[in-house]
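Notes for the structure review
Residue-level listing of the chains:
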Amino acid sequence: PENSAAAAAPVSSAFPEDAESAVDAPISLLQTFRLKQVDSPFLEEGLTALIAGEVAKGKKEMLRLKRDLDERESYGQVVLEQSGIRLFHCRSAAVEKPVGGVVRIAPAGATYVYLIAPDPAKPGEIAALSKISVALIEDEAFTLALRTQGEIGIRKRLFSVFASSL
């Protein structure tokens, strides 16, 4: 009978919110990780607007996300020396779940990664984005996929990143 009481307990008490976000965030990122290929010359100054336009659901959210990305960029660029990938990241109330993706500018051969956490963010959401950040530094196969593969190949490699930490 004690076991049946535990089985009947609400999901929220049996599965704390932090644990739930630790499972949901990687799944959400795997399902929504995007690749945007730009085939014409593009100025880096327009990247935050491009990313915000790809991610945000509406104009208000797009403007908020662009502002949040620009604010974070005002502290300095993050360029990963080993791969040459530039990282855009921030927390923003413009998103409800963690979001990630890649922008490739074909003429320049440049690759940009964006990682956006909701604000406020749950610990599991930050942990999932942190796993991607670590992979950007330590996993050459992952950064190669980001620079050269299509969305499916990138998601397969991203799955490996998350699976390696289980």
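Now for a look at the structure at hand. (Residues numbered from 1 in each chain as written. Predicted model: local features only at pLDDT ≥ 70, side-chain atom pairs only at ≥ 80, totals over all residues. Heavy atoms only, no water.)

Considering the pairing of strand S5 (residues 110–118)
What counts, and what does not: For every residue, the accessible area (1.4 Å probe, protein chains only) is compared with the maximum for its type, and the residue is labelled buried under 20%, exposed over 50%, or partly exposed between those bounds. Secondary structure follows DSSP: runs of H or I at least 4 residues long count as helices, runs of E at least 2 residues long count as strands, and numbering of each begins at the N terminus. The rule for pairing is simple: two strands pair if DSSP sees at least two bridges between them.
Here S5 lies mainly inside the structure; nine of its nine residues are buried. Pairing geometry for strand S3 (residues 85–92) and S5, over seven bridges, is parallel. By the bridge assignment for S5, Arg86 is matched with Tyr112. Where strand S4 (residues 99–105) lies against S5, seven bridges are found, and the strand directions are antiparallel. Note on S5: the bridge partner recorded for Gly100 is Leu115. In textbook terms, the turn of a hairpin is the stretch between consecutive antiparallel strands, and for S4 and S5 this stretch comprises four residues, one of which, Gly109, has a positive phi near 70 degrees.

A word on the sheet that holds S4
Under the convention used in this document: Axis lines are fitted to C-alpha atoms, over the contacting stretch for helices. Their N-to-C directions set the angle, which ranges from 0 to 180 degrees. Residues are treated as being in contact if the distance between any of their heavy atoms lies within 4.5 Å.
Ordered by their spatial adjacency, five strands build an open sheet running S1-S4-S5-S3-S2, and the pairing between neighbours is mixed. Two strands bound the open sheet, and with one partner strand each, they are strand S1 (34–38) and strand S2 (78–80). In this sheet, adjacent strand axes meet at a mean angle of 25 degrees when their direction is disregarded. In the packing of helix H5 (residues 59–73) onto the sheet, contacts are made with S2, S3 and S5, and the angle to S3 comes to roughly 120 degrees. Contacts from helix H7 (residues 140–148) reach S3, S4 and S5 within the one sheet, and its direction differs from that of S4 by about 60 degrees.

Considerations on the nonpolar core
Just so we agree on the cut-off: Among the buried residues, those of types Ala, Val, Leu, Ile, Met, Phe, Trp, Tyr and Cys that are joined through side-chain atoms within 4.5 Å form a nonpolar core.
The biggest cluster of nonpolar side chains holds 22 residues, and the ones touching the most others in it are Val113, Leu136, Phe142 and Leu146. Among the elements of the structure, helix H3 (17–32), S3, S5, helix H6 (123–138), H7 and helix H8 (151–163) are those that each provide at least two residues to this core. Of the residues forming this core, the biggest block, five residues, is contributed by H6. Those residues in contact with Val113 that sit more than four places away from it in its chain are Ile85, Arg86, Leu87, Phe88, Gly101, Val102, Leu136 and Leu146. With 19 residues, the next largest nonpolar core counts Phe88, Val99, Ala110 and Ile116 among its residues.

Regarding the packing of H6 against H8
Rule in force here: We call two directions roughly parallel when the angle between them is under 35 degrees, roughly antiparallel when it is over 145, roughly perpendicular when it lies between 65 and 115, and oblique otherwise. Gly counts as polar in this scheme, as do all residues outside two lists: the nonpolar Ala, Val, Leu, Ile, Met, Phe, Trp, Tyr, Cys and Pro, and the charged Asp, Glu, Lys and Arg.
Where H6 meets H8, the axes come as close as 10 Å, and the angle between the chain directions of the two elements is 110 degrees. With respect to H8, the element H6 is oriented roughly perpendicular. Along its contact with H6, which presents Ala128, Lys131, Ile132 and Ala135, the element H8 presents Leu158, Val161 and Phe162. Looking at the contact of H6 with H8 residue by residue, the class counts come to six nonpolar, no polar and one charged.

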